[in-house]
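Next come the chains, spelled out residue by residue.
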Amino acid sequence: MYYKRNEPFRYTFGTPTVGTIQKAELEEETQTYEAKILDLSQHGAKIEVAQDEKWDNGTPILIRFSILEEEFVANGIVKWHKQLGSTHLYGLDLETSEEWRKSLINNLKQLAKDNL
């Protein structure tokens, strides 16, 4: 399956930033996993997760991460999946607000500036 986020701005982390991810299921408690965020844009992300279960395309998720000490939380869905041994790569489509996106861009610009 071919899927590529067609966005003008995508930030690729030199060293992945760490956050958490879980299935967004209202009825039951779900397992929270550590997620390494490899790249990030206003509407999506590519992450690496070491977990036993595989999430299929369309699985609703909740992701949390921090950039420059500001916490970001977003709902989304799994758009694609690749398994690499015991690690899973996921492409996520994130549901974000205008305020969330502006804050993310400002923080990523500052992070890029600090890493020059």
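That block above? That's the structure.
In this convention, every chain numbers its residues from 1, walking through the sequence in written order. Local features in this predicted model are restricted to residues of pLDDT 70 or higher, and side-chain atom pairs are both shown and tallied only at a pLDDT of 80 or more, whereas totals for entire chains, interfaces and linings draw on every residue. Values shown for side chains rest on all heavy atoms present in the structure; no hydrogens or waters enter the calculation.

## Section: the environment of L62
With respect to the helices and strands, the residue L62 is situated in strand β4 (residues 60-67). The spacing of L62 and T96 is 34 residues in sequence and 12 Å in space, taken between C-alpha atoms. We call two residues contacting when some pair of their heavy atoms lies within 4.5 Å. Leave out the neighbours within four places in its chain, and L62 touches T20, I21, Q22, A24, V73, A74 and N75. Every helix listed is a DSSP run of H or I at least four residues long, and every strand listed is a run of E at least two residues long, numbered separately from the N terminus.

## Looking at the pattern of salt bridges
Any Lys or Arg side-chain nitrogen found within 4 Å of a carboxyl oxygen on Asp or Glu counts as a salt bridge. Taken as a whole and judged by the stated rule, the model has three salt bridges. Here K23 and E53 are joined by a salt bridge, their closest N and O atoms 3.7 Å apart. Of this pair, K23 sits in strand β1 (residues 10-23) while E53 is found in the loop between β3 (44-50) and β4, placing the two residues 30 residues apart along the sequence. A simple rule labels every residue: compare its accessible area, found with a 1.4 Å probe on the protein chains alone, to the largest value its type can have, and call it buried under 20%, exposed over 50%, or partly exposed in between. The partly exposed category is assigned to E53, whose relative accessible area is 31%. We note a salt bridge from R101 to E98, for which the minimum N-O separation is 3.0 Å. Residue R101 and its partner E98 are both found in helix α1 (residues 98-114); the two are separated by three residues, about one turn of the helix. A residue is classified by how much of its surface remains accessible, and R101, at 15% relative accessible area, is buried.

## Considerations on the environment of F13
Of note, F13 is situated in strand β1. Judged by its relative accessible area of 8%, F13 is buried. Other than its neighbours up to four places away in sequence, F13 contacts I37, L38, D39, L40, I67, L108 and L111.

## Some thoughts on the side chain of T96
Looking at where T96 falls in the secondary structure, it is placed in the loop between β6 (87-95) and α1. Overall, the relative accessible area of 18% leaves T96 in the buried class. Ignoring any residue separated from it by four or fewer positions in sequence, one finds T96 in contact with Q42, H43, A74 and R101.

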